[in-house]
Amino acid sequence: MTYSTKRFDDHFEVILADTLESQQIHYQLRYQVYCEELGFEDKHRFPDGLEYDDWDAHAVHFLVRHRLSGKWLGALRLVYHHQYQFPFETKCTTYHPLRKADHQSSVEISRLCIVKDARKLGFIHKHSPNPINTESTSANNVSFINDFFWLNRSLMWGLIRTAAVYSRQNEIKDWFVLIAPSLAHILTKGGLELTQIGPPCEHKG
């Protein structure tokens, strides 16, 4: 199953990772980002190079791939409740207890990650269909930087839009997310309606 948006689809594709092979790629990307690049997770807990947890058995997984190079660049998962509990409820509290109906009509969005190669300026220069000469003029430099920021935001929003399409098709009404204030600000500016349902908590920094 493939989802697309207009400009995003020219360069990338997002797939539903619903096979064993694609889910292995998903876990590999998470290991690369969360264990090796960012150090959020202890790599020694995952000697097979796959970052996963018990919640993956209750989740759907998505991957984003760069069309030109074939590189897998990012991932995201939507987690369904298990026995009327979401992952975030094991880490923090809410102002008001969730109802069964809240669990039944919602998912938790998590493991949104973009690999380091896609966060570097060199990725665009190397894989752009029309490479930009970054050494010629300041105007070109500005264009190159703008493309860099477009890439990062586009990958993130491409995954989020895909999750929205999936949610609409499967009658999922709301998302829960454990999120840093800085990313919450970006998502709000991008048009998502976020409501804080609990006090701040400390989770892996």
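Our structure is the block above this text.
Read on for an overview of the structure.

Scanning the chain from terminus to terminus reveals 7 helices and 6 strands. The secondary structure elements of the chain, listed N-terminal to C-terminal, are β-α-β-α-β-β-α-β-α-α-α-β-α.

Take the pairing of strand β2 (residues 12–16) next. Consecutive side chains of a regular strand alternate in pointing toward one face of the sheet and then the other. A large share of β2 lies buried, amounting to 5 of its 5 residues. The alternating pattern of β2 places Phe-12, Val-14 and Leu-16 and Glu-13 and Ile-15 on opposite faces, both of which are buried. Across 5 bridges, β2 lies against strand β3 (residues 59–66) in antiparallel orientation. Its bridge partner being in β3, Phe-12 is matched across the sheet by His-66.

Moving on to the packing of aromatic side chains. Working definition: an aromatic ring pair is given by the centre-to-centre distance plus the angle between the planes. Scanning all chains against the criterion turns up 6 aromatic pairs. Taken together, a centroid distance of 5.5 Å and an interplanar angle of 45° make the contact between Tyr-27 and Tyr-52 tilted. A residue pair is termed long-range when its members are at least 10 positions apart, and Tyr-27 in helix α2 (residues 20–37) and Tyr-52 in the loop between α2 and β3 qualify at 25 residues. For Tyr-27, a relative accessible area of 9% translates into the label buried. Take Tyr-52: its relative accessible area is 39%, and that puts it in the partly exposed class. Taken together, a centroid distance of 6.4 Å and an interplanar angle of 35° make the contact between Tyr-34 and Phe-40 tilted. Here Tyr-34 falls in the buried class, since its relative accessible area comes to 10%. When its relative accessible area of 42% is taken as the criterion, Phe-40 is described as partly exposed.

With the rule as written, the count across this model stands at 12 salt bridges. For Asp-53, the salt bridge goes to Arg-111, with nearest N and O atoms at 3.8 Å. Pair noted here: Asp-53 is in the loop between α2 and β3 and Arg-111 is in strand β5 (residues 106–114), with a separation of 58 residues, a long-range link. Given a relative accessible area of 25%, Asp-53 falls into the partly exposed group. For Asp-56, the salt bridge is made with Arg-77, and the minimal N-O distance between the two is 2.9 Å. Residue Asp-56 is found in the loop between α2 and β3, and its partner Arg-77 is found in strand β4 (residues 72–79); the two are separated by 21 residues along the sequence. Neither residue differs from the other here; Asp-56 and Arg-77 are each classed as buried. Within the structure, one salt-bridge network assembled from shared partners comprises Arg-30, Glu-41, Arg-45, Glu-51, Asp-53, Asp-56, Arg-77 and Arg-111.

This part takes up the nonpolar core. One finds Phe-62, Val-64, Leu-78 and Leu-155 to be the most contacted residues of the largest nonpolar core, which totals 29 residues. Those elements that provide at least two residues to this core are β2, α2, β3, β4, β5 and α6 (138–169). Beyond its immediate stretch of four places on either side in the chain, Leu-155 contacts Phe-8, Phe-12, Val-64, Leu-73, Ile-114 and Ala-118.

Mapped onto the secondary structure, Trp-175 falls in strand β6 (residues 174–176). Distance from Trp-175 to Ser-110, taken between C-alpha atoms, is 9.9 Å for residues 65 residues apart in sequence.

Turning our eyes to something else, we now look at the side chain of Arg-30. Relative to the assigned elements, Arg-30 resides in helix α2. Among the residues examined, Arg-30 registers a relative accessible area of 0% and is labelled buried. One polar contact links Arg-30 to Glu-51, side chain to side chain, over a distance of 2.8 Å. One polar contact links Arg-30 to Asp-56, side chain to side chain, over a distance of 2.8 Å. Setting aside residues no more than four positions away along its own chain, Arg-30 makes contact with Cys-35, Glu-51, Tyr-52, Asp-53, Asp-56, His-61, Arg-77, Arg-111 and Cys-113.

β3 sits mainly inside the fold: 7 of its 8 residues count as buried. Bridging between β3 and β4 involves 7 bridges; their strand directions are antiparallel. Considered in β4, the bridge of His-61 is made with Arg-77. With antiparallel pairing between neighbouring strands as the criterion, β3 and β4 make up a hairpin whose turn holds 5 residues, including Gly-70 at a positive phi of roughly 80°.

About the thresholds
- Residues numbered from 1 in each chain as written.
- Predicted model: local features only at pLDDT ≥ 70, side-chain atom pairs only at ≥ 80, totals over all residues.
- Heavy atoms only, no water.
- Helix = DSSP H or I, 4+ residues; strand = E, 2+ residues; numbered from the N terminus.
- Buried < 20%, exposed > 50% of the residue type's maximum accessible area, 1.4 Å probe, protein only.
- Pairing = 2+ DSSP bridges.
- Phe/Tyr/Trp six-rings, centres within 6.5 Å; stacked < 30°, edge-to-face > 60°.
- Salt bridge = Lys/Arg side-chain N within 4 Å of Asp/Glu carboxyl O.
- Core = buried A, V, L, I, M, F, W, Y, C linked by side-chain atoms within 4.5 Å.
- Contact = heavy atoms within 4.5 Å.
- Polar contact = N/O pair within 3.5 Å; in protein donor to acceptor, adjacent residues only side chain to side chain.

Note that all results are geometric; they support no functional claim without further evidence.
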